[in-house]
Each structure stands twice: as C-alpha cells, then as structure tokens.
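# Survey of secondary and tertiary structure
Each chain, written out:
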Protein chains: 2
Amino acid sequence: MIDLTVKNALHAQGPLEDVRIRGWVRTRRDSKGFSFLEINDGSCLKNLQAVLDADAPGYSAIEDAATGAAVALTGELVESPGKGQTWELKARELTIIGTAPDDYPLQKKRHSDEYLRTIAHLRPRTNKYSAITRIRSEAAYATHRFFHDRGFHYIHTPIITGSDCEGAGEMFRVTTLPPCMPAPKDGDVHAEDFFGSAANLTVSGQLEAEPYALALSKVYTFGPTFRAENSNTPRHAAEFWMIEPEMAFYDLSMNMDLAEEFTKNLVGSVLDASAEDIELFARFVDKELMPTLENIVSQPFERLPYREAVDILKSAKQKFDFPVEFGTDLQTEHERYLAEVHFKKPVIVYNYPRSIKPFYMRLNDDAGDAETVAAMDLLVPRIGELIGGSQREERLDVLEARMDECSMDKAPYWWYLELRRFGSAPHAGFGLGFERLLMLVTGVTNIRDVISFPRTPKHLEF
Amino acid sequence: MIDLTVKNALHAQGPLEDVRIRGWVRTRRDSKGFSFLEINDGSCLKNLQAVLDADAPGYSAIEDAATGAAVALTGELVESPGKGQTWELKARELTIIGTAPDDYPLQKKRHSDEYLRTIAHLRPRTNKYSAITRIRSEAAYATHRFFHDRGFHYIHTPIITGSDCEGAGEMFRVTTLPPCMPAPKDGDVHAEDFFGSAANLTVSGQLEAEPYALALSKVYTFGPTFRAENSNTPRHAAEFWMIEPEMAFYDLSMNMDLAEEFTKNLVGSVLDASAEDIELFARFVDKELMPTLENIVSQPFERLPYREAVDILKSAKQKFDFPVEFGTDLQTEHERYLAEVHFKKPVIVYNYPRSIKPFYMRLNDDAGDAETVAAMDLLVPRIGELIGGSQREERLDVLEARMDECSMDKAPYWWYLELRRFGSAPHAGFGLGFERLLMLVTGVTNIRDVISFPRTPKHLEF
C-alpha cells in the first residue's frame, strides 16, 4: 500500500491498485448502497472523490465522516466516470481519524472574510485561504530562486535593532524590563535592560544589508519588518515581510531594471506554478485579474521622473482628495491613477524631491537635478506602490551634510559612515512588500487575508 | 565590453577580449614596469589576479589601489602563467572607485574573531566571513529546495505573539508604551498599548504552524526566533533563525526519518554547493571537519530511547559536571558524549520523560511507557542538540489534562484546543536551529561568528 497526496492521486499516470489517502472531508453525499466523499489534504486546490460501498469495512462509521472530519481511505485509484476529475478512489475501507462535530464552523455555506479572520486557525481549510497559502509559498520560493540564479547571496539582517532606518518610523520597543517600572535616579532607563540600550523592531534591513553588498556585491534579505503605525486600513499590518536586494556597482537605472525583471519574474512564476490556485481568484475575487497579470508580464513598464508624474497628475481630469505639487508625497490615489488610468500598466517614478526622502538616498548631481534624489517607486494597478528603492549616497561628505540637514545624530551611524571611507562604491537596492505582491497576484484587497495570523492595532489573537 | 564577476571570470570557458571586473583590492604588489592586483568581489572565495602595466591609463593612481579600495579594471581575460589560477586579467585600464586610507582595519595580517566582531560591518570582506555568508545563503536555499521538492508549503508564522510556546521561555516584551510609564489606576497596563494586551517576540512558530499542518498536511517555517536568556556563552544568541517543519499524519518515527533525511540533505547540499568555502574551514578552523561531515552524510544515525541513553551515560567512564538520572534534562556535555565518544555519529534520542518536556508533546500510551512523551532530539558531534521535535498531542482530553498538570491557563489556547475538536489528526514536527547547523558545517565554535550582526546581552551594535 502506498500513501498518496490528493495532488499526486489527481496527477497519477495510471490506475493504482492499493493506495491510502488521508485528509479532511469537504462534503459527503450518501446514496442507496454507497457514499461519495470529497477529500482535501491541502496539497492542491481540488478534492479527490472517493466512493465507498455500504458493505465496506468502516462504513458503519460513515456518519462520523462529516464535513471537517479527518479520515483515511484505502482502495483503488481508478478512472473517474464523472466529469471534472480524471481519477477517483474506489475505496475499500474507511477509518475515522478525527471527528468534526456539528458546530464545525466551516460548513458548506460561504463565509465572509471578516468572519473567517475570527477563525484564522481554521480558515486555511477553506479553498480560498489554502490557495493563498500555496501561492505565498510558491512566490517565496520563486523569490529565492530568482536571486540565487543571479548570484545573489541571501542574508539575514537583525530584527532587533538600535537604529531607525526610515528616520521617522513608528517603531515597536523591545525590552525585558517590566512595564511601569519606576524611573531610575540616574536617568538611564535602559541600564538594566537586556541590551543596555534602547532596542526596536526593524523597519527595514537595508542599512545592515549595505555592508554586505559592499563585500559580496549582490545580496538580498527576505524577512519580517514592523511598523507600529496606528492605522486600521486594509493596506496596513504591523508585521509584514519584505524582500530587499542590495547591489554594489548598481546605479538607479540598473536598479530599475532589476525591479522590473524581478516583478515580471515573480508574477510569471506564480502564474506558472500556481495556475489552478490563481484561477480561483480570477473567477471569484477579481474578474480583471488575468489581464492585469498578463499585462505586467508582457509589457515593458513605463518610466518617468517624479516631475513629469506631478505634471500628469495636475492636468488629470480626476479629482483627488490630496492636492499634488512638486514636493508633495504621492498618495495611493495618485499612484493608482498613474498605473491604472493614465498608463494602464506598471510605472516606475524616479528622481523624487530630496525633501520627502530619507537621508541615505543619493543626491542627484547639479547637472541633473540638485533638488532630487536618485529614488524610484514601482507603482502597479490596484496596489499603488509595490517597490520603493534608491541609489544610496556613497560620497562621505555629501552623506554627512545630508544627515546634518536632517538633524540626525551621526554617532550611532559610525559604521554606516565608515562604509563610505573604506572602499566605497556606488550601490543601490529596493524593498518589495511581500504582502502587497500577494494582493496583486490574487486580487485580494485586504492585507489581513494574505497573512496567516495578521497583527494590527488591538489585534494579537492566535 | 562585458562585466564579469570574479567567479565567472575564474570559471570562464575561454579567453575573453574585453571585460570589466569590479571589486575590492585584497593585495597589490608593484614590480618594475607593472603591478599585480588581487581583486575580490565576494562572488566566490578566490581572488582574480590582474596585471597592470605601468604605462596603462589610470596607472598614475596605482597608490590609491591599496588594500580595501574599490576599483574597476578593464582588459583581457587570458590564461594565467602563474599557478593557483586558470585565468587572470591582463588589464588595460585602472579606475579607482573608492579609496581605502591607511587606517583600513583589514590589512593583510590575521585578526582575531573577537576583534572582527567589533567591526562586523567590515568582516564580510574577509575570507572567513564572506565564506560563512555564502555557506549560510546556500544552506538556506537548500532548505527551501528540500521542502519544496517534497510538497511542503512555506508559511510565515507571526513574530509578535501573545502566547509562549515553550511555557517557560524568557521572552522579550514588545510595546509602544514609554518606559517608566506611571501604573494606570485600573491596573490594565496594556489598555493603551498597541495591541491592547501583552505582546512578546516568538520563541517558536510551532503552535501557529500546527493549524496549517492540519489544513495543508505538510508545512514549514523558516524565520527568526528570540530568547531573552541572559547567558553569555558561545552557543547562545538572543536572536536566531529556526526551521520548523510540521506534518499531519506523521508519527514520531516518521518525524525522526524526516529529521535524518533533512540533516543529511542539508550537509550534503552545502558540501556540494560550497565545496571551496567549506575547504577553507577544513584547512584553517577544524581539521576534523571533512570526516565529521562525510560521516553525517553516509552513516545511518543511531536511534535509542532516552532511558537507554541515560544508562549509557551512567556507566560512562567520563566524569560529567552534571549528574544524570532518569528525569534529568541532558546537558550539552552528555549530548556530545553520546554523539562524539560513544556512538561517533549523530544520535536521535527519543521518548523523554514527560516531566521535562512541554505540554504539547504526545503522551506515550500506557502499553509503551506512560512516563514518557513522544519527543526526539537529534544530537550531533561538536554541537550537541541540533534538532528538537515531537509528535504532538492530538487527543483533546489528554491535552487538556496535561495543560492542567502544567498549571496552564487554557483560555488563550482556545484555538489550539479547537484543532483537537475539529478533524484532529496525529501530527509531528521539529525545529532545527539554523545557526547550529552553520556551526556544524563550518566548525566555527562561536554563534556570534555565523550571524551577520549578533544580538547578545548588552550587545546591540550596528
């Protein structure tokens, strides 16, 4: 007897005499003399149909093979006379592994996303969330393969950090001190703390990836990042995963090339590896999903300077909630207008005003545009910003002047500055929000539905 | 002109007329009429030798091509007359990209690991640490490939959590409240906190992986975990990465099979993909490295119950610092004795006393050994415990009784318990400490040297 996953059973090359399938009952239909069971084990979207005769061993427990129950079925894998599947199981024996009483929440009817979030421990047993999980896994694998094939080294940058990459991020504090501890007399709150200094959860691995790029040339991170932003929107989570490549000897234009190639490759890989799962979303979640994704894969992205993007937005017929001028940050409504309405494809906006960007971005030369930095954002339909990146400031004097301009204390950055003293080189990188990518490829509009157990303000269940 | 990495240059199929190499100068030797430069770009361990004539463009800046400087060299890739390399660069032109002044810390002499930790932003430019970085990257890739090829789905379990998997872990608190906040009158310290409740950094993704295993059958996590343990040892870090597979329908024996297969596959993959880098450690760090690793790949692991392991330790001639009796936890000295001295190969010890193991491990049946749980630890030479795992308790009544026995508040685990009410199934899993694996395959004895920027008590630099 061999154990088969549902996926392997459905893809069998021929009939198999003696197999065992273990999984969970999705539905059961009893007929005179036999029962049909639809078995799912999460290995793929589809169920395997099993037919069990009423005189088979174990049939006396058929009432326990209710929706949600875990069962084992042994039998013969045979060609299915029914439509919709090639193979079905002609079962010889049923074993109940774990029952599911009547109050099992995932009965056949459809449930709202909001309700399913309250049972996040069970929702991976639904078609939609098991599909998202498989897509997430394939997208992660495609990410590693993409960079590995191109000679990038995967690095793990620290999660607990003393620095604040974005300069103005709202960060979570990490501590082993009790809450409401009396203030110490000498004023050093952190003297007794685990690290002896203030510690936070990282908002980006970039600053720590740079030393590695300036040693191994091409590296990337893929890890969790955190924002303690008190926003209850469908786009924000306190904990999310980011992919951050960082490359020595890359300028902004090569950075844009890589961002475009990576995005196309990721979308293409997922379309390929998760075709069946993506189709579910194309049918039930977003009718425009397939054309949107195919457009991303096949069309060159548009590229234009921020200055031109602002001009387009100012002359747009559409009314925006936020006015746009040179020097204002683009809002999601502007980003989506550019990608969805104006260009109808992904757009890379580059050369943003220095005033709205962090200290580490490379100041453009005077000959170019001294008011701007070598930043780039990749904007995609539905999502807005998918990728943000820049060429980094590699000139020590310019970087120091910029930190002064931003009123930053340079002392904690001694090591970051030293990278510009010892063998400095042009380098660039970007960050892609992994959940935004998943929202893009599934059409799911709430970030809470592409994360296993989402963390948002006042929500820490499971 | 084409840009080549050092690795691609050294593996060229034939001479190339017009190439550019960019990297950092490791050494330079000036002769009459020309200079030799050793260039490294981190793409591989080896340097590319370049020869530059004194009358070539850019040669006037040759003094700036000092150790540590970033340079570009264009020229012709030709067969090398010297020994030790196949190809060298007959350079036509030198461009200094970034200088390195005399106080560049990585001059030719050897530096201690302790010193290099103080310049963790520069140490990836040394042979040893760039090799570790590449090995780490290859081991991570081999991990994803191993599980992907076997139908596992990669999941991201939450980093910020309200639960404490190990039951007694020393955890970091996560908060947005200021330190030394006055105690609120109503006593609810966390009312104003981000999540509205106590939040910690995860010590393991297992509890959150279980719902996914009971939906998708085979899943794994690979992410950071945290212990706020105030131990300053070469084996402890506050932040480290864990790989945690979790499988439905697996019992303890299948779990041991997977742990053995995974360990062998990982070590074998790294020996294969990182042969040159591993050789560095075999030559300079641990003379016994290659036999140790080849033994792991080629020999079946030993398996024995904890009870027998205790008997072996009690009758051992070796003196231990900690006495051993049935019911005591094995210390590293015991683990290493079993793997290094007694069996001289990896050992899986299973069926540990229930009294020293967490609540979620499956109680062995009375017919077997009611005092033990279905736990397993994989012990390897040099390291001790590399993997810890168990079959999980899938029986609701037994699990609840066990939680009571451990004086646990069951309320926060309502969802974990529900997994045992709805389609429960036998399942098992384990955790592998990624840094311990890296110590194993490199022979490096301090965990601080296999992590980019290690986090330990009072250390939060970079």
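If you're wondering where the values come from, they're calculated on a predicted model, not measured in any experiment.

Each helix and strand counted, chain A has 12 helices and 17 strands in total. Along the longest, intermediate and shortest principal axes, the C-alpha atoms of chain A span 85 × 60 × 45 Å. Of all intrachain contacts in chain A linking residues separated by at least 6 positions in sequence, the fraction that spans at least 24 positions is 68%. When the 52 basic and 70 acidic side-chain charges of chain A are each reduced to a single mean position, those positions are 5 Å apart.

So, on to the interface of chain B and chain A. Residue-level contacts link 110 residues of chain B with 110 residues of chain A. Of the roughly 9100 Å² buried between chain B and chain A, counting both surfaces, carbon and sulfur atoms make up 65%. Inspection of the chain B/chain A interface yields two salt bridges. With a shortest N-O distance of 2.7 Å, B:Arg421 and A:Asp103 are connected by a salt bridge. Linking chain B with chain A are 43 residue pairs in polar contact (both at pLDDT 80 or more), by the criterion used here.

Quick look at helix 4 (residues 206-216) of chain B now. All names here are of chain B. Most of helix 4 sits out of view: 11 of its 11 residues are buried. When we look at burial in helix 4, the residues that qualify are Gln206, Leu207, Glu208, Ala209, Glu210, Pro211, Tyr212, Ala213, Leu214, Ala215 and Leu216. Positive phi shows up at Ser217, right after helix 4, with a value of about 70 degrees.

What follows covers the packing of helix 3 (residues 127-149) of chain B against helix 12 (residues 434-442) of chain B. Residues and elements named next belong to chain B. At a minimum axis separation of 11 Å, helix 3 and helix 12 run at an interaxial angle of 120 degrees. Overall, the two elements helix 3 and helix 12 adopt an arrangement that is oblique. You can see that helix 3 and helix 12 cross each other, and the crossing is right-handed. Between helix 3, through Ile135, Arg136, Ala139 and Ala140, and helix 12, the contact on the second element is made entirely by Phe434, Glu435, Leu437, Leu438, Val441 and Thr442. Grouping the amino acids of the contact of helix 3 with helix 12 by side-chain chemistry returns seven nonpolar, one polar and two charged.

With that out of the way, let us pick up the pattern of salt bridges. Inspection of the entire model under this criterion finds 58 salt bridges over all chains. Where A:Arg303 meets A:Asp257, a salt bridge forms, and the shortest distance between an N and an O atom there is 2.9 Å. Of this pair, A:Arg303 sits in strand 13 (residues 302-305) while A:Asp257 sits in helix 5 (residues 252-273), placing them 46 residues apart in sequence. With its nearest N and O atoms 2.4 Å apart, the salt bridge here joins B:Arg382 to B:Asp286. Here B:Asp286 lies in the loop between helix 6 (275-284) and helix 7 (289-298) and B:Arg382 lies in the loop between strand 15 (372-380) and strand 16 (384-391), a separation of 96 residues in the sequence.

This next bit is on the side chain of A:Thr442. All names here are of chain A. By secondary structure assignment, the location of Thr442 is in helix 12 (residues 434-442). The class of Thr442 is buried, set by a relative accessible area of 1%. The residues touching Thr442, leaving out its near neighbours within four places in the chain, are Ile135, Phe281, Val285, Leu289 and Val450.

This part is about the side chain of B:Ser43. Here B:Ser43 shows up in the loop between strand 3 (34-40) and strand 4 (48-53). Among the polar contacts made by the side chain of B:Ser43, one reaches the side chain of B:Asp41 at a distance of 2.6 Å. Leave out the neighbours within four places in its chain, and B:Ser43 touches A:His153, A:Leu216, B:Thr5, B:Val6, B:Lys7 and B:Arg134.

The next point concerns the packing of aromatic side chains. In this description, a pair of aromatic rings is defined by centroid distance and the angle of the planes. This model, assessed by the stated rule, comprises 55 aromatic pairs over all chains. Arranged with centres 5.1 Å apart and planes meeting at 40 degrees, the rings of B:Tyr306 and B:Tyr352 form a pair that is tilted. A residue pair is termed long-range when its members are at least 10 positions apart, and B:Tyr306 in helix 8 (residues 306-314) and B:Tyr352 in strand 14 (residues 347-353) qualify at 46 residues. Looking at B:Tyr306, the relative accessible area reads 0%, which means it is buried. Members of the aromatic cluster, each reached through a chain of ring pairs, are A:Tyr212, A:Phe359, A:Tyr360, A:Tyr413, A:Trp414, A:Trp415, A:Tyr416, B:Phe453 and B:Phe462. A cation over an aromatic ring shows up here: A:Arg420 above the ring of A:Tyr416, its NZ or CZ 4.1 Å from the ring centre. Taking NZ or CZ as reference, B:Lys357 lies 4.4 Å from the ring centre of B:Tyr352, over its face.

This brings us to the packing of helix 7 of chain B against helix 12 of chain B. Residues and elements named next belong to chain B. With their axes 8 Å apart at the nearest point, helix 7 and helix 12 run at an angle of 120 degrees to one another. By the angle between their axes, helix 7 is oblique relative to helix 12. Contact residues: Leu289, Leu293 and Ile296 in helix 7; Leu440, Val441 and Thr442 in helix 12. The residue inventory of the contact of helix 7 with helix 12, partitioned by class, reads five nonpolar, one polar and no charged.

With 98% of its residues at a pLDDT of at least 70, chain A reaches an overall mean of 95. Taken over the whole predicted complex, pTM reads 0.97, whereas the ipTM for its chain interfaces reads 0.97.

Calculation criteria
Residues numbered from 1 in each chain as written. Chains lettered and ligands numbered in written order. Predicted model: local features only at pLDDT ≥ 70, side-chain atom pairs only at ≥ 80, totals over all residues. Heavy atoms only, no water. Helix = DSSP H or I, 4+ residues; strand = E, 2+ residues; numbered from the N terminus. Contact = heavy atoms within 4.5 Å. Lys, Arg positive; Asp, Glu negative; His and termini not counted. Charge placed at Lys NZ, Arg CZ, Asp CG, Glu CD. Buried area = accessible area lost by both parts, 1.4 Å probe. Salt bridge = Lys/Arg side-chain N within 4 Å of Asp/Glu carboxyl O. Polar contact = N/O pair within 3.5 Å; in protein donor to acceptor, adjacent residues only side chain to side chain. Buried < 20%, exposed > 50% of the residue type's maximum accessible area, 1.4 Å probe, protein only. Axes fitted to C-alpha atoms, helices over the stretch in contact; angles between N-to-C directions. Parallel < 35°, antiparallel > 145°, perpendicular 65-115°, else oblique. Left-handed = near helix turned anticlockwise from the far one by under 90°. Nonpolar A, V, L, I, M, F, W, Y, C, P; charged D, E, K, R; others polar. Phe/Tyr/Trp six-rings, centres within 6.5 Å; stacked < 30°, edge-to-face > 60°. Lys NZ or Arg CZ within 6 Å of the ring centre and 35° of its normal. pLDDT = per-residue confidence, 0-100.

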